[in-house]
Amino acid sequence: MKSQPTSNPIRVGTGVDELRQAFLDNLTCALGRLRTFSSTHDYYLALALTVRDHVVFRAVGNVEEGMAKGIRRVAYLSAEFLPGPHLANHLLNLGITEAAREALGGLGIDLDVVLAAEVEPGLGNGGLGRLASCYLDSLATVGVQSIGYGIRYEFGIFQQSIRDGWQVESADKWLQGGNPWEIHRPGVAREVKFGGHTETWVDDCGRSRVRWVPAFVIRGEAYDTPISGYESDICTLMRLWKAEAGESFDFEAFNHGDYYRAVEQKVDSENLSKVLYPNDELHRGKELRLKQQFFFTSCALQDMLRVHQMSGGTPDNFHEGWAVQLNDTHPAVAVAELMRLLVDEQAIGWTRAWEITCKTFSYTNHTLLPEALEKWPVAIFGGLLPRHLEMIYEINSRFLDEVRRTFPGDGDKVARLSLIDESGPRYVRMAHLACAGSHTINGVAALHSDLLQQTVLADFAALWPEKFTNVTNGVTPRRFVALANPGLAGLLARHAGKDWPGNLDELLALEACVKDAGFRHEWREVKLANKRRLAAVIASRTGIEVSPDSLFDVQVKRIHEYKRQHLNLLHILSLYLAIKRDPKAPVVPRTFIFGGKAAPGYFMAKRIIRLVTAITALVNEDRDVAGRITVVFFPNFNVGNAHYVYPAAELSEQISLAGTEASGTGNMKMSLNGALTIGTLDGANVEIREAVGEENFFLFGLTTPEVAARKSGGYRPRDLYEADPVLREVINFLANGGLGGDPELFRPLVYNLLDSDPYLALADFRSYLEAQRRVGELWSDPDAWTTCSVLNVARMGRFSSDRAVREYCQRIWKVNAKPVNA
Ligand code: 26Q
């Protein structure tokens, strides 16, 4: 019998009085606090628990409904999620922000102060993790039964601070103050095996079967975080797994009276989900990372099978119950694990199991850099997952038979496509496993999807062209406009209608306002207020005073050579030197704002941060350029800080070398907040430029084919240095200690540029300067600039993650989303 969830009307009531009463009840009963002794953090926890009741109440109802209807669900498997602060987002989605403000206001408590007390879960490195969270938000918004599976890292991405100009990392203790959003479900636990060996046996029906006898077992316990949708009845889950010691091993150790060994094993097991790996070379190929990947993947698949069977499904129709998306190759071992579950544990024949597997998975690739493709040494893989290695060999042998049939006599192709790299020491190629086991493979922007098929996955594209498609990334306008930029949100609601957060194409209506001087004035006032807000935050965090009347030129993203923060820095130095030479040089007042973390083991990226801070010291303290250029490094860029930065940006720096950035999503966030983009034809920049109009975008740089031609023609950056006096002056200044301090500090950067310049910064330098000159020119005409800014926002509707998720639903997952405007 279907049971409807019920609850106390106060607990889930949305009126001011009910919210206030529920808040006070939680303060007293859940937290055991007297009001007089309560801290802001207590208030935050009490309000979070209040709001959680609302979302969980809906989540419980949804689960039952889904079970009853037997519909296909979506599982998004991702080693990373970056949800950002939850509280304000739920209030917005539930439409109770103002009621909550009033409820707390009546008690003399300021909602904004309470919201600021939330510590965000930093369970991801950057773009890929944030994308996963945007997609969970949109899945709930468009009404799809879905779940995001991942790892409950105890320590997320490190906290960054700047000491003596250098990045300093510290542990992210996000759970220290308690996490009111998660519901721990010790009862929802899965056993995950590791190591050991395999054995064959014969079952009752006389079939030959394989049994995996592990060396150890780790238990995964579920922690559920509810995900609400915007104005949606649906509430879904992010289910993260925490590693705990498996029971049996404690017992074995106790039986031998070896208490300490038992405790040691417990600690060892729990280490599995301790810390998120940064995306750097040093951590590639680390066994613990493979353990993490298999751990969450196996927990997730076992969980899906259980849900499927509880909803009346059988292992044989698993693919009808679940569509499973692999967010990059991090969960790609799922392909082998589902095969093992079906073949070894459910006794389904190989051919049928493979059919089910291929109908279940689809794979999103997020990189074109060949060195970033994951591969595992066969010895590590087989030591940890002996049965999976056997299965991968079997998958490979059948797969390569197909390749030989399609391309007879092409041995090189067979070697290139193989799931095992045998060109040197042997590796398991995770992208190949993902491609073989998926029905659809997508890139994350049109250019990226094309290049994927021409480069890193070209052989797969030749074999299975029908598997390949593109789904351009999107971002949630709820968090990145409605929450982050309430001033703009109000203006949009007044001029484009109140439905824009759920239907971003409505913003097109702004085009009609662009000629209205009053509207443009309001638009500028909103931006100015956002710049003031950011200036205040910058002053309090860095001590640097920036003028809200200057052009805010922003580059915030992970620090990486391919993203070319150093190209931006070369431009800044060229301006600095120009003003030093000629105080009348035509340079509009600018504030250059940088933000982003460098992977702890990435030498060049850390030097780039050091260069930003050196230039900060030089420029900000030089009276000759005072009021003309200011440089800031905004420390610890994360989702919460992004809320201050994106709304204040006027110029969005998207200057990666063409053909290197898969998509970018910060480009979308800034344009949606009214920034103009200076960018290359890379990633989603291409589509953003098409959407907003080329006259509203500052284009520069080589195109991808031109990059290829330059490289194959023997690129010699030193020749460019010799030929260009401006470039020479800037580089000499850097190399000869112009920044003060140790002249050796930036030599590695300088010689890297002159001798190899792998991302062609010098080749694009001139064109970049020229585009920056046009930026300065347009900015000097506020009306013209504002017009471009409005048109950017008006035409960005396509970059809502709702659109992206609907495309996945229709074309890849084959599930129904609710119609737009329903
Ligand atoms: C791999 C092995 C070992 C340790 C860590 C990793 C690892 C972790 C994270 C490798 C890569 C990542 C993250 C990649 C990422 O964020 N990619 C970005 O994805 C965005 C969403 O699609 C795109 O917009 C960006 O262009 C892309 O760089």
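Structure shown above.
No experiment lies behind these values; they were computed from the predicted model shown. (Residues numbered from 1 in each chain as written. Predicted model: local features only at pLDDT ≥ 70, side-chain atom pairs only at ≥ 80, totals over all residues. Heavy atoms only, no water.)

Caption draft 1: A look at the site of the ligand. Around the ligand, the structure places 20 residues, and the nearest of them are Leu128, His366, Asn473, Glu661 and Gly664. One of the backbone nitrogen or oxygen atoms of Leu128 is found 2.9 Å away from an oxygen atom of the ligand. Within the backbone of Gly664, a nitrogen or oxygen atom sits 2.8 Å from an oxygen atom of the ligand. For the ligand, whose free accessible area comes to 620 Å², the fraction covered by protein is 89%. The element contributing the most residues to the shell around the ligand is helix α7 (residues 127–141), with 3 residues. Across the shell around the ligand, the residue classes break down as 6 nonpolar, 9 polar and 5 charged. (Near = heavy atom within 4 Å. Polar contact = N/O pair within 3.5 Å; in protein donor to acceptor, adjacent residues only side chain to side chain. Areas by Shrake-Rupley, 256 points an atom, 1.4 Å probe, with all protein chains shown as cover. Helix = DSSP H or I, 4+ residues; strand = E, 2+ residues; numbered from the N terminus. Nonpolar A, V, L, I, M, F, W, Y, C, P; charged D, E, K, R; others polar.)

Caption draft 2: Just the pattern of salt bridges, in detail. Summed over all chains, the structure comprises 61 salt bridges. Salt-bridge contacts for Arg239 lead to Asp224; the nearest nitrogen and oxygen are separated by 2.7 Å. Of the two residues, Arg239 is situated in strand β9 (residues 235–245) and Asp224 in strand β8 (residues 216–228); the sequence distance between them amounts to 15 residues. Like Asp224, Arg239 is buried. Where Asp459 meets Arg416, a salt bridge forms, and the shortest distance between an N and an O atom there is 2.8 Å. Of this pair, Asp459 sits in helix α19 (residues 458–463) while Arg416 is found in helix α16 (residues 411–417), placing the two residues 43 residues apart along the sequence. (Salt bridge = Lys/Arg side-chain N within 4 Å of Asp/Glu carboxyl O. Buried < 20%, exposed > 50% of the residue type's maximum accessible area, 1.4 Å probe, protein only.)

Caption draft 3: Just the sheet that holds strand β1 (residues 73–77), in detail. Taken together, the 9 strands give an open sheet; going across it, the order is β5-β8-β9-β2-β1-β10-β11-β15-β16, and neighbouring strands pair in mixed fashion. Every interior strand has two partners, whereas the edge strands, β5 (183–194) and β16 (468–470), have only one. Along the sheet, successive strands turn relative to each other by an average axial angle of 25 degrees, direction set aside. Here strand β2 (residues 146–151) pairs with β9 via 5 bridges, running parallel. Residue pairing across strands places Ile151 opposite Trp241, the latter belonging to β9. (Pairing = 2+ DSSP bridges. Axes fitted to C-alpha atoms, helices over the stretch in contact; angles between N-to-C directions.)

Caption draft 4: Region of interest: the side chain of Lys531. Residue placement: Lys531 occurs in helix α22 (residues 517–542). Lys531 gets classed as buried once you look at its relative accessible area, which sits at 4%. Not counting residues within four places of it along the chain, the set of residues in contact with Lys531 comprises Pro548, Asp549, Ser550, Phe552, Ala648, Glu650 and Trp779. (Contact = heavy atoms within 4.5 Å.)

Caption draft 5: The nonpolar core, seen in detail. With 166 residues, the main nonpolar core has Leu77, Phe295, Met304, Phe381, Leu510 and Trp813 as its most contacted residues. The dominant element in this core, judged by the number of residues it contributes, is helix α10 (residues 287–310), at 10 residues. Apart from residues no more than four positions distant in its own chain, Met304 is found in contact with Ala75, Leu77, Tyr149, Phe318, Trp322 and Val324. Tyr562, Ile579, Ile731 and Ala763 belong to the second-largest nonpolar core, a separate cluster that totals 74 residues. (Core = buried A, V, L, I, M, F, W, Y, C linked by side-chain atoms within 4.5 Å.)

Caption draft 6: Geometry of unusual backbone geometry. If you check the backbone angles, Glu231 has positive phi at about 45 degrees while not being a glycine. Tracing the chain through its elements places Glu231 in the loop between β8 and β9. On the accessibility criterion, Glu231 (58% relative accessible area) is exposed. Positive phi, close to 55 degrees, is recorded for Asn636, a residue that is not glycine. Checked against the element boundaries, Asn636 lands in the loop between β19 (629–634) and α25 (639–648). What makes Asn636 buried here is its relative accessible area of 11%.

Caption draft 7: View of a nonpolar patch on the surface. Nonpolar side chains collect at one region of the surface, where Tyr259, Tyr260, Val263 and Val267 lie side by side and expose about 430 Å² of accessible area between them. Among the structural elements, Tyr260 can be located in helix α9 (residues 259–270). The exposure class of Tyr260 is exposed, given its relative accessible area of 64%. (Patch = residues over 30% accessible without salt bridge, like charges linked within 9 Å, V, L, I, M, F, W, Y side chains within 5 Å.)

Read these as geometric descriptors, not functional statements.
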